[in-house]
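Structural features, examined
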Amino acid sequence: MKCKRCGERAEVQLRAHNTAFCRTCYLFYFRRQVERAIAAQHMLVLGERILVAVSGGKDSLALWDVLVDLGYDTTGLYLGLGIGQYSDASQEKVERFAAGRALPLRVVKLEAEGPGLGVPAVAAASRRAPCAACGTMKRHYFDAAAFTGGFDVLATGHNLDDEAARLLGNVLRWQKDHLARQRPVLPPTHPKFVRKVKPLYLTSEYETAVYAFMRGIDYIVDECPNAAGATQLLYKAALDRLEVESPGTKLAFVKEFLRTAQPAFAAVEQREPQECAGCGMPAYGALCSFCSLVREVETRRARTASPLPA
Ligand code: Q46
Ligand code: ZN
């Protein structure tokens, strides 16, 4: 097979796009795809301060790599979730990536912050699935770090597979409020929120993996130990089966949702956040979901610690 751009021997075949590239042209193509997504959705402006959430995985590190390459002013943000060996190993990958390229990196270890709680402790005490607790905590610490650091934008490495799986989950349960907010760019709805963007939302997991490999990015290959039970993986597997039979399904699913259905959901759901009585960050109730979760954990712990009445 030949490269569609230069005619040399192709190394990568992209069935969803009905194309193939050699290594040089693939790197060019990948960057161009990200650049186009950024421009089409007005995600970023050169000169803005961008906080890039990095987990140590291929997607977030590939994103950071491309953004630097495209000339954006970036700072990495790594959250230490407290998930044992997985967290230690992923932090090391992020630190090595940043040090090797002399890029600024902020590390926030959840267990060293305010309530001193990592993801496993919160999940166990609140009896929530680890990923549910993790999602709430990550959102809070991302928002807080972006706001207190004075950043203009928060960029995450969600790829097409993530977005398609999330969309499928939201559609299966018709979660209207989630569908209203599922967009590659979320403008801030409160002065303490910054814009949130997903520049890789149209590039597949396979495409970012190939990019990371070709760029020699050393990322954590092991999945988080909590990922195995996550429903997200079930949705991804279902979509993978559809994609094999009908290449381009994921791309069409996400793109057409954003073009035809998302605006209708967004028009109906227009809640304005207030400020959380606990942490001062935006909240849709008296407390934000992070503070509610922490309060729940503290109440449960106090109950188990107090002696039973005689
Ligand atoms: S880190 Fe957190 Fe993921 Fe681990 S606990 Fe689940 S959500 S699987 S991206
Ligand atoms: Zn709060």
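Residues numbered from 1 in each chain as written. Chains lettered and ligands numbered in written order. Predicted model: local features only at pLDDT ≥ 70, side-chain atom pairs only at ≥ 80, totals over all residues. Heavy atoms only, no water.

1. A few points about the overall build of the protein chain
Looking only at helices and strands, the protein chain has 11 helices and 10 strands in total. For 310 residues, the compact-globule formula gives about 19 Å, and the C-alpha radius of gyration of the protein chain, at 20 Å, lands near that figure. For the protein chain, the residues scored as buried account for 49% of the 310 residues in total. Once local pairs closer than 6 in sequence are excluded, the contacts in the protein chain between residues at least 24 apart make up 69%. When the accessible surface of the protein chain is split by element, carbon and sulfur atoms take 53% of a total near 15800 Å². (Helix = DSSP H or I, 4+ residues; strand = E, 2+ residues; numbered from the N terminus. Rg over C-alpha atoms; globule rule 2.2 N^0.38 Å. Buried < 20%, exposed > 50% of the residue type's maximum accessible area, 1.4 Å probe, protein only. Contact = heavy atoms within 4.5 Å. Areas by Shrake-Rupley, 256 points an atom, 1.4 Å probe, with all protein chains shown as cover.)

2. Quick notes on the side chain of Arg195
The residue Arg195 is located in strand S8 (residues 195-197) in this model. Classification of Arg195 by relative accessible area gives buried; the value is 18%. A distance of 2.5 Å separates a polar atom in the side chain of Arg195 from the backbone oxygen of Met43. In this structure the side chain of Arg195 is engaged in a polar contact, spanning 2.6 Å, whose partner is the side chain of Glu48. Once residues lying within four places of it in the same chain are set aside, the contact partners of Arg195 are Met43, Leu44, Glu48, Asp152, Val153, Leu154, Val185, Leu186, Pro187 and Pro188. (Polar contact = N/O pair within 3.5 Å; in protein donor to acceptor, adjacent residues only side chain to side chain.)

3. Points about the site of ligand 1
Taken together, Leu81, Ile83, Cys131, Cys134, Lys138, Cys224, Asn226 and Ala227 form the complete shell of residues around ligand 1. Here the shell around ligand 1 is composed, by residue class, of six nonpolar, one polar and one charged. (Near = heavy atom within 4 Å. Nonpolar A, V, L, I, M, F, W, Y, C, P; charged D, E, K, R; others polar.)

4. Quick word on the coordination of the zinc ion (ligand 2)
Within the protein, the atoms that donate to the zinc ion (ligand 2) are Cys276 (SG), Cys279 (SG), Cys288 (SG) and Cys291 (SG), at distances of 2.2 to 2.3 Å. The sequence motif formed by the donor residues of the zinc ion (ligand 2) is C-x2-C-x8-C-x2-C. We classify Cys288 as buried; its relative accessible area is 7%. (Donors = N, O, S within 2.8 Å, 3.2 Å for Na, K, Ca; no water.)

5. A few points about the pattern of salt bridges
All told, the structure shown has 20 salt bridges when counted by the stated rule. Here Glu92 and Arg96 are joined by a salt bridge, their closest N and O atoms 2.6 Å apart. Linking Glu92 with Arg96, this pair stays in helix H3 (residues 84-101), spanning four residues, or about one helical turn. For Glu275, the salt bridge identified is with Lys192, shortest N-O distance 3.5 Å. Of this pair, Glu275 sits in strand S9 (residues 274-275) while Lys192 sits in the loop between strand S7 (185-186) and S8; the two residues are 83 residues apart in sequence, bridging distant segments of the chain. Residue Glu275 is classed as partly exposed on the basis of its relative accessible area, which comes to 45%. Of the residues examined, Lys192 reaches a relative accessible area of 19% and is grouped as buried. (Salt bridge = Lys/Arg side-chain N within 4 Å of Asp/Glu carboxyl O.)

6. A look at empty space enclosed by the protein
The tally for this structure, following the rule as stated, stands at one cavity of 30 Å³ or more. Taken as a whole, the largest cavity spans an internal volume of roughly 50 Å³. Taken together, Glu163, Leu167, Gln182, Arg183, Pro184, Tyr201, Val254, Phe257 and Leu258 form the lining of the largest cavity. Contributing elements (two or more residues each) for the lining of the largest cavity: helix H6 (160-172) and helix H10 (249-268). (1 Å grid on protein atoms, 1.4 Å probe; cavity = no way out; pocket = protein on both sides within 12 Å on 5 of 7 lines; lining within 4 Å. Points joined across faces, edges and corners; volume = space filled by probe spheres on them.)

7. Details of the pairing of strand S3 (residues 49-53)
In the case of a regular strand, side chains alternate between the two sheet surfaces. Counting buried positions along S3 yields four of five residues, so the element is predominantly enclosed. Bridge analysis of S3 against strand S4 (residues 73-80) gives five bridges, and the strand direction is parallel. Within S4, the position partnered with Leu51 by the bridge is Thr75. Bridge analysis of S3 against strand S6 (residues 153-155) gives three bridges, and the strand direction is parallel. The residue of S6 that forms the bridge with Leu51 is Leu154. (Pairing = 2+ DSSP bridges.)

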